[in-house]
Amino acid sequence: MGMTARVLAIDAGNSKTDVAVVAGDGTVLATARGGGFRPPAVGVAAAMDTLAEAVDRAFTAAGVTSADHVSACLANADFPVEEETLAAALHARAWGTTVEVRNDTFAILRAGVTEPRGVAVVCGAGINCVGMRPDGRRARFPALGRISGDWGGGWGLAEEALWHAARAEDGRGEPTALARTLPAHFGLPTMYALIEALHLGHVEEIRRHELTPVLFTTAEAGDPVARAIVDRLADEVVTMATVALSRLEMLEQETPVLLGGGVLAARHPQLTDGIRDLLAARAPKAVARVVAASPVLGAALLGLDRVGAEAEVHERLRSHFEG
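Notes on the structure follow. (Residues numbered from 1 in each chain as written. Predicted model: local features only at pLDDT ≥ 70, side-chain atom pairs only at ≥ 80, totals over all residues. Heavy atoms only, no water.)

## Observations concerning the overall build of the protein chain
- When helices and strands are counted, the protein chain shows 13 helices and 10 strands.
- At 21 Å, the protein chain has a C-alpha radius of gyration in line with the 20 Å of a compact globule built from 323 residues.
- Taken along the three principal axes of its C-alpha coordinates, the protein chain extends 70 × 45 × 35 Å.
- Looking at the protein chain residue by residue over its 323 residues, the buried ones come to 53%.
- Here the analysis covers contacts within the protein chain between residues at least 6 apart in sequence; of these, 68% occur between residues at least 24 apart.
- Surface summary for the protein chain: the accessible area is close to 14400 Å², and the carbon and sulfur share equals 52%. (Helix = DSSP H or I, 4+ residues; strand = E, 2+ residues; numbered from the N terminus. Rg over C-alpha atoms; globule rule 2.2 N^0.38 Å. Buried < 20%, exposed > 50% of the residue type's maximum accessible area, 1.4 Å probe, protein only. Contact = heavy atoms within 4.5 Å. Areas by Shrake-Rupley, 256 points an atom, 1.4 Å probe, with all protein chains shown as cover.)

Okay, here's the thing in structure tokens:
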């Protein structure tokens, strides 16, 4: 019979998957990276096959065949019914005796705190916010885009920048340097040319996310329209965090607010300063900081929480990822 690890930790986002195999004393036996986890696009079975590639490599490197517990923080696990479906699919793979599935935002939150207590706002391709308390209470949002009331994320910022730039060029909106900087990124002379290229597929739709850094560069150069978009994102981040803190009755307590995802981790000065200023006004006891640790650490810590590991086990695990 093969050897067993204590925790199999999985952090699976839309663009990549990270896996860690953890021993009972917190030692990381192996890690592996795989492709993106996108059940809505490819189906649950195919998405699980993507996870399997990384899990199999990690198990082989660790010299084990299964784990006591699988702690999976997965993109697209936005509703309890989705968590249940994905948990059942993981059970069927027999990678662990017990399985717990959470949205991948919880991995970033747990990676940034020493106990399961706090709020995290993640701004990558999209935007999401979660909160948790040690007693198991959670706060979360569906985070499905405009249909669930969301605004922001790299994709949304690029779309907003395009909207303002298009209207500036054709006269419907106020002037903005975005009308020049956005098409220039693709070597095009005008917004009209960029709109045509996007519409006809000459510039692939997926490349729109490249315009988010252009927006921030334009804002840093002082463009009022670009700066207003960045300010709106700061307001949205703080609004989500404040609502989560309120739901968990932590608004009046000193509470960590973790910022993660590519947009927030880039530490753009205007955005970071705006978030801190707004938090100081709306949630003065919140302590904001950017999470630098790998989210798979958070998935592993959640797994150790579940199996009742001692504090020194958590510390050994954290030291592996944080040096």
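## Some points on the packing of helix 6 (residues 178-185) against helix 8 (residues 211-220)
- Contact pair helix 6 / helix 8: the axes reach a minimum separation of 10 Å and the direction vectors enclose 145°. The handedness of the crossing between helix 6 and helix 8 is right-handed. Counted together, Leu 178, Thr 181, Leu 182 and His 185 of helix 6 and Leu 211, Val 214, Leu 215 and Thr 218 of helix 8 form the full contact between these two elements.
- Tallied by class, the residues present in the contact of helix 6 with helix 8 amount to 5 nonpolar, 3 polar and no charged. (Axes fitted to C-alpha atoms, helices over the stretch in contact; angles between N-to-C directions. Left-handed = near helix turned anticlockwise from the far one by under 90°. Nonpolar A, V, L, I, M, F, W, Y, C, P; charged D, E, K, R; others polar.)

## Some thoughts on a nonpolar patch on the surface
- A cluster of nonpolar side chains, Phe 79, Val 81, Leu 144 and Ile 147, forms an exposed patch at the surface whose accessible area comes to about 410 Å².
- Inspection of the secondary structure assignment puts Leu 144 in the loop between strand 8 (138-140) and helix 5 (153-170).
- By relative accessible area, Leu 144 is classed as partly exposed at 40%. (Patch = residues over 30% accessible without salt bridge, like charges linked within 9 Å, V, L, I, M, F, W, Y side chains within 5 Å. Salt bridge = Lys/Arg side-chain N within 4 Å of Asp/Glu carboxyl O.)

## Remarks on the sheet that holds strand 2 (residues 16-22)
- Strand order in the open sheet made by the 5 strands is 3-2-1-4-5, with mixed pairing throughout. Edge positions in the open sheet fall to strand 3 (28-35) and strand 5 (96-103), since each of these has one partner strand only. When the angles between neighbouring strand axes are averaged without regard to direction, this sheet yields 15°.
- Sheet topology note: the strand 2/strand 3 ladder contains 7 bridges and is antiparallel. Each residue of the ladder has a partner; that of Val 22, found in strand 3, is Val 28.
- Across the sheet, helix 3 (residues 80-93) is in contact with strand 1 (4-12), strand 4 (66-74) and strand 5; its angle to strand 5 comes to roughly 150°. (Pairing = 2+ DSSP bridges.)

## Structural notes on the packing of aromatic side chains
- Overall, the coordinates contain 0 aromatic pairs when judged by the stated rule.
- One Lys or Arg, Arg 102, reaches over the ring of Phe 106 and ends 5.6 Å from the middle of that ring.
- A cation over a ring is seen here: Arg 247 above Phe 141, with NZ or CZ 4.5 Å from the ring centre. (Phe/Tyr/Trp six-rings, centres within 6.5 Å; stacked < 30°, edge-to-face > 60°. Lys NZ or Arg CZ within 6 Å of the ring centre and 35° of its normal.)

## Looking at the environment of Leu 86
- Tracing the backbone through its elements, the reader meets Leu 86 in helix 3.
- Overall, the relative accessible area of 4% leaves Leu 86 in the buried class.
- With sequence-adjacent residues up to four places away left out, Leu 86 is seen in contact with Phe 37, Pro 39, Val 44, Met 48, Leu 74, Ala 77 and Val 101.

## What to know about the sheet that holds strand 6 (residues 118-123)
- Pairing within the open sheet is mixed, and its 5 strands lie in the order 8-7-6-9-10. Strands at the two margins of the open sheet, each flanked by one partner only, are strand 8 and strand 10 (286-290). Recorded for the sheet is a direction-independent mean angle of 15° between the axes of neighbouring strands.
- Taken together, the 4 bridges between strand 6 and strand 9 (residues 255-260) define a ladder with parallel strand orientation. Across the sheet, Val 121 pairs through a bridge with Leu 259, a residue of strand 9.

## Some points on helix 12 (residues 295-307)
- If you check helix 12, its first and last C-alpha atoms are 19 Å apart, about what 13 residues at 1.5 Å a residue would give, namely 18 Å.
- With 10 of 13 residues buried, helix 12 lies mostly within the body of the structure.
- Looking one or two places after helix 12, you find Gly 308, whose phi comes out positive at around 75°. (Expected span 1.5 Å × (residues − 1).)

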